[in-house]
Amino acid sequence: MRLLTDFHTHTIYSRHNHGKGTIRENVESALAKGLKELWITDHGPGHFWYGIKRDKFPEVRAQIDELNKEFEGQIKIFFGVEANVMSYSGDIDINEADRKYLDGANVGFHYGVIPKNLSSFFYFMIANTLAKVIKPMRNWIKQKNTDALIEVVKKHDIKIVTHPGDKVDVDILRLAKVCETRGTALEINSSHANMNEDDIREALKTNVLVSVGSDAHSPRKIGNFEEAYRRIENTGVTTDRIINLKE
Ligand SMILES: [Zn+2]
Ligand SMILES: [Zn+2]
């Protein structure tokens, strides 16, 4: 199995030195590693510290268009985003105007996001924290987190849910059932432990698609799939599910 697409990479547009490389440096690293497709997916603008500034979308689009011309026939570059869950009722930090610039949008839970309303703040920040010590809360908030992602996937066109189960607990089977109907992939992320092998086995009970991403925050980590690949092998994910292997 040779994965020639990296669906999840960050650049300096993930601010405050969170992403280390320029778009060009990411592209050059991807080329050096023999990749054929590269997605630039910086954190969405709702992340108050790392998020891409909304007014940079045209600039990034233009750079990617230029690089696609320069490297035509060698690699294809796509402009994506790692959008943030902004509420427990399905809000994200990407709007229709942003979509004009984008080739696709992924979404994931991240800290550093200020939820849109008080109840979402309570679920995301307070309940998830309390549940770490108060065991009876754990399944309740896990199902709330899952409901939030399900609302997002139902309301928006989402290509990939990034690192589901990282940051906050998620019921992977319930999420996978909805993602299957929407054509949204669940990510096996080389830089994050979740989805872990148990999660992947849950997902495999459905026909959901999976994507493999390096989640590289520096150019040298682009195409680092080893850690994800180990989980894929251990759980028996078949190649027909892996969107990196589809046209
Ligand atoms: Zn992330
Ligand atoms: Zn990421």
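If you're wondering where the values come from, they're calculated on a predicted model, not measured in any experiment.

Quick question: what am I supposed to make of the pattern of salt bridges here?
When the charged atoms of two side chains lie near each other, side chains of opposite charge can form a pair. Summed over the entire model, instances satisfying the criterion amount to 16 salt bridges. Linking Arg61 and Asp103 is a salt bridge whose minimum nitrogen-to-oxygen distance equals 3.1 Å. Here Arg61, found in helix H2 (residues 57-70), pairs with Asp103, found in the loop between helix H3 (96-99) and strand S4 (106-108); they are 42 residues apart in sequence, far enough to count as distant. Note that Arg231 is salt-bridged to Glu227, the shortest N-O span being 3.5 Å. Highlighted residues: Arg231 and Glu227, both in helix H8 (residues 226-235), separated by four residues, approximately one helical turn. Shared partners join several salt bridges into a network, and the residues in it are Glu197, Asp198, Arg201, Glu227, Arg230 and Arg231.

Sorry if this is basic, but what is going on with the packing of helix H5 (residues 138-155) against helix H6 (residues 172-182) here?
Relative orientation and spacing of two packed helices are given, respectively, by the angle between their axes and the distance between those axes. Running from N to C, H5 and H6 cross one another at 5 degrees; their axes reach a closest spacing of 9 Å. Classed by the angle they form, the pair H5 and H6 counts as roughly parallel. Here Gln143, Thr146, Asp147, Leu149, Ile150, Val153 and Lys154 of H5 lie close against H6, whose contacting residues are Arg174, Leu175, Val178, Cys179 and Arg182. Counted by class, the contact of H5 with H6 contains six nonpolar, two polar and four charged residues.

What exactly am I supposed to notice about helix H4 (residues 118-133) here?
Every α-helical turn comprises 3.6 residues, leaving residues that sit three or four positions apart pointing alike. Here H4 is 16 residues long and its end C-alpha atoms lie 22 Å apart, about the 22 Å a rise of 1.5 Å per residue gives. At Ala127, H4 shows its largest bend, some 35 degrees. Here H4 has its buried residues at Ser120, Tyr123, Phe124, Ala127, Asn128 and Ala131. The elements touched by buried residues of H4 are H5.

What is the right way to look at unusual backbone geometry in this model?
The general pattern is negative phi for most residues beyond glycine and trans for most peptide bonds. Between Asn194 and Met195 the backbone carries a cis peptide bond, its omega angle lying at 0 degrees. Structurally, Met195 can be placed in the loop between strand S6 (185-189) and helix H7 (197-203). Positive phi, close to 65 degrees, is recorded for Lys167, a residue that is not glycine. Position of Lys167 among the secondary structure elements: in the loop between strand S5 (160-161) and H6. For Lys167, a relative accessible area of 31% puts it in the partly exposed group.

Where do I start with the coordination of the zinc ion (ligand 1) in this structure?
Six octahedral donors around a metal ideally subtend angles of 90 or 180 degrees, whereas four tetrahedral donors ideally subtend 109.5 degrees. Protein coordination at the zinc ion (ligand 1) comes from Glu82 (OE), His110 (NE2) and His163 (NE2), with a distance range of 2.1 to 2.2 Å. The motif formed by the donor residues of the zinc ion (ligand 1), counted along the single chain, is E-x27-H-x52-H. Separating the zinc ion (ligand 1) from the zinc ion (ligand 2) is a gap of 3.4 Å, bridged by Glu82, which donates to each. Of this pair, His110 sits in the loop between S4 and H4 while His163 sits in the loop between S5 and H6, placing them 53 residues apart in sequence. His110 sits in the buried class, given a relative accessible area of 6%. Overall, the relative accessible area of 2% leaves His163 in the buried class.

Here is what the cut-offs are and how they apply
Residues numbered from 1 in each chain as written. Chains lettered and ligands numbered in written order. Predicted model: local features only at pLDDT ≥ 70, side-chain atom pairs only at ≥ 80, totals over all residues. Heavy atoms only, no water. Salt bridge = Lys/Arg side-chain N within 4 Å of Asp/Glu carboxyl O. Helix = DSSP H or I, 4+ residues; strand = E, 2+ residues; numbered from the N terminus. Axes fitted to C-alpha atoms, helices over the stretch in contact; angles between N-to-C directions. Parallel < 35°, antiparallel > 145°, perpendicular 65-115°, else oblique. Contact = heavy atoms within 4.5 Å. Nonpolar A, V, L, I, M, F, W, Y, C, P; charged D, E, K, R; others polar. Expected span 1.5 Å × (residues − 1). Bend = angle between axes of the 7 residues up to and from the residue. Buried < 20%, exposed > 50% of the residue type's maximum accessible area, 1.4 Å probe, protein only. Donors = N, O, S within 2.8 Å, 3.2 Å for Na, K, Ca; no water.

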